[in-house]
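# Examination of the molecular architecture
This is what each chain is made of:
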Amino acid sequence: SKIINHLREFGRKSDVVKEKVQLNETLKQALEIFRQQLKLREIEVVMDLQPDLPFVMADSNRLEQVFINLIINARDAIEAKWWGNIEQKGNAKKIFLKTFARDGVAVVEIADTGTGIPPNIIDKIFEPFFTTKQVGKGTGLGLSISYGIVRDYDGAIRVKSREEEGSRFIIEFPVSSEN
């Protein structure tokens, strides 16, 4: 019921506002929606969140959309790597969530041990309608929308990836001057 109520609240808010947001709390809320599903799929979530992370100016619901999208993509990349591949069974199925601040910037990193992104397409992943998922499995809008949301709050998003080792998305926002 907690998740359902949160989803109702998540779906209701459409106004774009800038308010003080604690990224750790927003990231935890995004994870909560999928925690049980990840557990059932034997995907471990490793969290390393800076406890005194400074606030950023954003809309927590819109940032939650970004984090949900990246967690879903991490889950799908891990599932794609392990599905039907007996050799992978002994390796770790993990999603890493990390936050920290440096030089006036708050950073969120979401990494996985999935398939990784081939170098020949990595520069296209934020383009609208670009997807590597099978027909009917993805719209190709998640990363494009996420990119736009991050940019709306003066942030930056980039990815580092190695095929068959996984991907790491790095999202940076300027720290609020009202901390």
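Refer to the structure presented above.
A brief structural summary. Since the structure is predicted, the reported quantities are computational estimates derived from the model, not experimental observations.

From N to C terminus, the protein chain includes 4 helices and 7 strands. Reading the secondary structure of the protein chain in the N-to-C direction produces α-β-α-β-β-α-β-β-α-β-β. A total of 179 residues make up the protein chain; the buried ones form 42% of that total. For the protein chain, long-range pairs separated by at least 24 residues make up 71% of all intrachain contacts whose partners lie at least 6 apart in sequence. As displayed, the protein chain has an accessible area near 10200 Å², and 50% of this comes from carbon and sulfur atoms.

Put simply, helix H2 (residues 23–40) and helix H3 (residues 60–82) touch, their axes get as near as 9 Å, and they point 40° apart. Judged on the interaxial angle alone, H3 and H2 are oblique. Between H2 and H3 the crossing geometry is right-handed. In contact with Leu 23, Thr 26, Leu 27, Gln 29, Ala 30, Leu 31, Ile 33, Phe 34, Gln 37 and Leu 38 of H2, H3 contributes Ser 60, Leu 63, Glu 64, Phe 67, Ile 68, Ile 71, Ile 72 and Arg 75.

Quick look at the sheet that holds strand S5 (residues 105–112) now. Taken in spatial order, the 5 strands make up an open sheet running S2-S4-S5-S7-S6, and their pairing is mixed. Sheet topology places strand S2 (44–49) and strand S6 (156–162) at the edges, where each strand pairs with a single neighbour. For this sheet, the mean inter-axis angle between neighbouring strands, taken without regard to orientation, is 15°. Relative to strand S7 (residues 166–174), S6 runs antiparallel, the two being bridged by 7 bridges. By the bridge assignment, Arg 162 is partnered in S7 with Gly 166.

Secondary-structure assignment places Glu 172 in strand S7. One polar contact links Glu 172 to Arg 102, side chain to side chain, over a distance of 3.0 Å. Setting aside residues up to four positions removed in sequence, Glu 172 forms contacts with Arg 102, Val 105, Ala 106, Val 107, Gly 155, Ala 156 and Arg 158.

Cut-offs applied
- Residues numbered from 1 in each chain as written.
- Predicted model: local features only at pLDDT ≥ 70, side-chain atom pairs only at ≥ 80, totals over all residues.
- Heavy atoms only, no water.
- Helix = DSSP H or I, 4+ residues; strand = E, 2+ residues; numbered from the N terminus.
- Buried < 20%, exposed > 50% of the residue type's maximum accessible area, 1.4 Å probe, protein only.
- Contact = heavy atoms within 4.5 Å.
- Areas by Shrake-Rupley, 256 points an atom, 1.4 Å probe, with all protein chains shown as cover.
- Axes fitted to C-alpha atoms, helices over the stretch in contact; angles between N-to-C directions.
- Parallel < 35°, antiparallel > 145°, perpendicular 65-115°, else oblique.
- Left-handed = near helix turned anticlockwise from the far one by under 90°.
- Pairing = 2+ DSSP bridges.
- Polar contact = N/O pair within 3.5 Å; in protein donor to acceptor, adjacent residues only side chain to side chain.

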